Amino acid sequence: MRTNDSIIQTKQVNFFYGTFKALIDVTMDFEKNKVTALIGPSGCGKSTLLRLLNRMNDLIDGTRVEGEVIFEGTNIYDTGIDPVDIRRRIGMVFQKPNPFPKTIFDNITYGPKLNGVRSKDAQETLVQQSLEQASLWEEVKDILNRSAMTLSGGQQQRLCIARALAMRPDVLLMDEPTSALDPISTAKIEELIAELKRNYTIIIVTHNMQQAARVSDYTGFFYLGKLIEFNPTEKLFTKPDEKQTEEYITGRFG
Amino acid sequence: MRWRYFKQHAFFAIVRLAAFSIAAAIGAFLVYILVNGIGAISWEFLSEHPRESMTKGGIMPAILGTFYLTAGAIIIALPLGVASAIYLSEYAKQGPVIRIIRVGVNCLAGVPSIVFGLFGLGLFVVFLQFGSCILSGALTLGFLILPTIIGASEEALKSVPQTFREASLGLGVSKWQTILRIVLPNALPGILTGSILGIGRAAGETAPIMFTAAAFFTAKLPSSIFDEVMALPYHVYVLATAGTYIEETRPLQYGTVLVLVALVLGVDLIAIIIRSYIRKKKRW
Ligand SMILES: Nc1ncnc2c1ncn2[C@@H]1O[C@H](COP(=O)(O)OP(=O)(O)OP(=O)(O)O)[C@@H](O)[C@H]1O
Ligand SMILES: [Mg+2]
């Protein structure tokens, strides 16, 4: 299939919360510089898969992974791989905007500073670049020293995107990044995603079918922990291979 | 309908009565101490050594001693308590072992202070041969307030939203750095207020220092942590029970109690001010 340009592959991945099997035999190929959307009913394992890709699930006690997650040729679950390195390369934006209770400036420089970006000049450049990439610069350039908590929800979410971008990751994981936002902020973030895919690979979980159709190149449909269908977005939404997919996207699910 | 209102009013009345009677009791107690003790307070009382079998002079060495002991207890217990709390709530895998440790810590908080005193006597004074001195007393007081500090710190750490940790870890920041730069700074105010309240209590304890640090009378101020000191709570105890001139020292007893209570309340007040300042500034 599309193996030539893939950046992350999952191979026969099973995932367990304790004894509960949340993902069953998921094999998937995420293509570089494309947007892949993960859709499916609540509880089908979309967030689980997303958090598996940068080892955020490690933080939950009693979880277990089977199979392989290949990122640029290496299995990120191999012993000896530091999850911290993985998370640096594969950034994450969460469902609820979660800026730190610091200034806008310090939110962006928090990660880079700990990775050796010390000079004030480099930091200022980085802040401007990241905020521009997240199309937030114009709105906040005069208030960089204000607490990030004073921003609106949509601005906070774009700040979180800028914060993730400041680490210069290769992949950006987004878990329902607009579900807590109003339509205008949502539109802004969707535009942003279209911009970002030039430089980043984006994997996005969404409950909003139109959103998946608008922003993504590929879409994977999940049901009860299984990947039911994985196809180019246009095909999946117009001529799905599977009956279950069709039922879900047309809202006749049950 | 009527009956329900009546019940509600009756209930409120009882609750209000309970609250007011507690406030009244505390108020009466404070006023009594203030009225009886204020006469003894003077610059001389606060700045001089006791004289003539403690019937004259001041209580400066006891104030200083209590300060040393309490400060020492903080220096010992705060890092230890915060570190334990970080381990318990951030690092340790939650399970039966950690549960048992937590129960143990809670039990420790309920152990009578005289037991801590005897423990300190056995371990620091006798076994480690520190003798009765500031170090032994501060260590004993430190252990006494350790459970309070661990409890307050765990509470404060837990109140830091999980989303902050996820945000930091998701950026590829290590767990240790996340704790150091995100979790601790946000928990620090809570840790401090909780700990200060505990320390205020420790400053007023007699039993833990009786065998480990406190002296009946010292002619000189301590010159090292291996010297004995006078201390306010023990001084009250001595004046009230062990002196030869108990009646003559009565005003001095009240004066000393007043100073001690003022110190403890002052410390509590600092904690309350910090807390209300933070509540106002709280940003999440
Ligand atoms: N920490 C956890 N411990 C145990 N089970 C969990 C945990 N997190 C998720 N699960 C279970 O795993 C399954 C998949 O959850 P997941 O959060 O991945 O679903 P989702 O597709 O993201 O749903 P939603 O659309 O509601 O966000 C669910 O059945 C859920 O109950
Ligand atoms: Mg989810």
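Just so it is clear, the model here is predicted, and its values are computed rather than measured.

*Asks:* Requested: an account of the sheet that holds strand β8 (residues 201-205) of chain A, with residues and values cited.
*Replies:* As a general point, the strands of a sheet are linked pairwise by backbone hydrogen bonds and lie either parallel or antiparallel. Residue and element names in this part refer to chain A. A sheet is described by the order of its strands in space; here six strands give the open sequence β6-β7-β8-β3-β9-β10, paired in mixed fashion. Of all the strands in the sheet, just β6 (90-93) and β10 (226-232) have a single pairing partner and so form its edges. Going across the sheet, the axis of each strand differs from the next one's by a mean of 20°, ignoring polarity. Pairing geometry for strand β3 (residues 35-39) and β8, over four bridges, is parallel. By the bridge assignment for β8, L38 is matched with V205. On top of the sheet, helix α1 (residues 46-53) reaches β3, β6, β7 (171-175), β8 and β9 (218-223); it is set at about 155° to β7, its chief contact.

*Asks:* Outline the nonpolar core, listing residues and values.
*Replies:* Note that soluble globular proteins tend to have their nonpolar side chains buried in a common cluster. Residue and element names in this part refer to chain A. Counting residues in hydrophobic clusters, the biggest one holds 40 residues, and the most contacted among them are L131, I161, L172 and I202. By residue number, the principal contributor to this core is helix α6 (residues 153-165), which donates five residues. Ignoring anything within four residues of it in the chain, the contact list for L172 reads G91, M92, V93, I161, A164, L165, L196, T201, I202 and I203. The next biggest cluster of nonpolar side chains, apart from the first, holds 31 residues, and it includes F30, L50, M56 and V69.

*Asks:* Could you give an account of the site of ligand 1, naming the residues involved and the relevant values?
*Replies:* All names here are of chain A. Around ligand 1 sit 13 residues in total, of which S42, K46, S47, T48 and H207 are the nearest. A distance of 2.8 Å is found between an oxygen atom of ligand 1 and a backbone nitrogen or oxygen belonging to G43. One of the backbone nitrogen or oxygen atoms of C44 is found 3.2 Å away from an oxygen atom of ligand 1. Against a free-state accessible area of 630 Å², the protein chains account for coverage of 63% of ligand 1. Where the shell around ligand 1 is concerned, the elements lending two or more residues are β2 (20-31) and α1. Considering each element in turn, the shell around ligand 1 owes the most residues, three residues, to α1. Taken together, the residues of the shell around ligand 1 break down into five nonpolar, six polar and two charged.

*Asks:* Tell me about the pattern of salt bridges, and name the residues and values.
*Replies:* All names here are of chain A. Throughout the structure, instances matching the rule amount to 15 salt bridges over all chains. Between E138 and K141 there is a salt bridge, and its shortest N-O distance comes to 3.0 Å. Across the salt bridge formed by E195 and R198, the nearest N and O atoms sit 3.1 Å from each other. Assessed through its relative accessible area of 57%, R198 is described here as exposed. Residues participating in the shared-partner salt-bridge network are E72, R89 and D170.

*Asks:* Run through the sheet that holds strand β4 (residues 63-71) of chain A, naming residues and quoting values.
*Replies:* All names here are of chain A. Ordered by their spatial adjacency, four strands build an open sheet running β2-β1-β4-β5, and the pairing between neighbours is antiparallel. A strand with exactly one partner marks an edge of an open sheet, and here the two such strands are β2 and β5 (74-75). Taken together, the eight bridges between strand β1 (residues 6-17) and β4 define a ladder with antiparallel strand orientation. Along β4, the bridge assignment pairs N14 with E66. This element, α1, spans β1, β2 and β4 of the sheet and lies at about 60° to β2.

Conventions used here
- Residues numbered from 1 in each chain as written.
- Chains lettered and ligands numbered in written order.
- Predicted model: local features only at pLDDT ≥ 70, side-chain atom pairs only at ≥ 80, totals over all residues.
- Heavy atoms only, no water.
- Pairing = 2+ DSSP bridges.
- Helix = DSSP H or I, 4+ residues; strand = E, 2+ residues; numbered from the N terminus.
- Axes fitted to C-alpha atoms, helices over the stretch in contact; angles between N-to-C directions.
- Contact = heavy atoms within 4.5 Å.
- Core = buried A, V, L, I, M, F, W, Y, C linked by side-chain atoms within 4.5 Å.
- Buried < 20%, exposed > 50% of the residue type's maximum accessible area, 1.4 Å probe, protein only.
- Near = heavy atom within 4 Å.
- Polar contact = N/O pair within 3.5 Å; in protein donor to acceptor, adjacent residues only side chain to side chain.
- Areas by Shrake-Rupley, 256 points an atom, 1.4 Å probe, with all protein chains shown as cover.
- Nonpolar A, V, L, I, M, F, W, Y, C, P; charged D, E, K, R; others polar.
- Salt bridge = Lys/Arg side-chain N within 4 Å of Asp/Glu carboxyl O.

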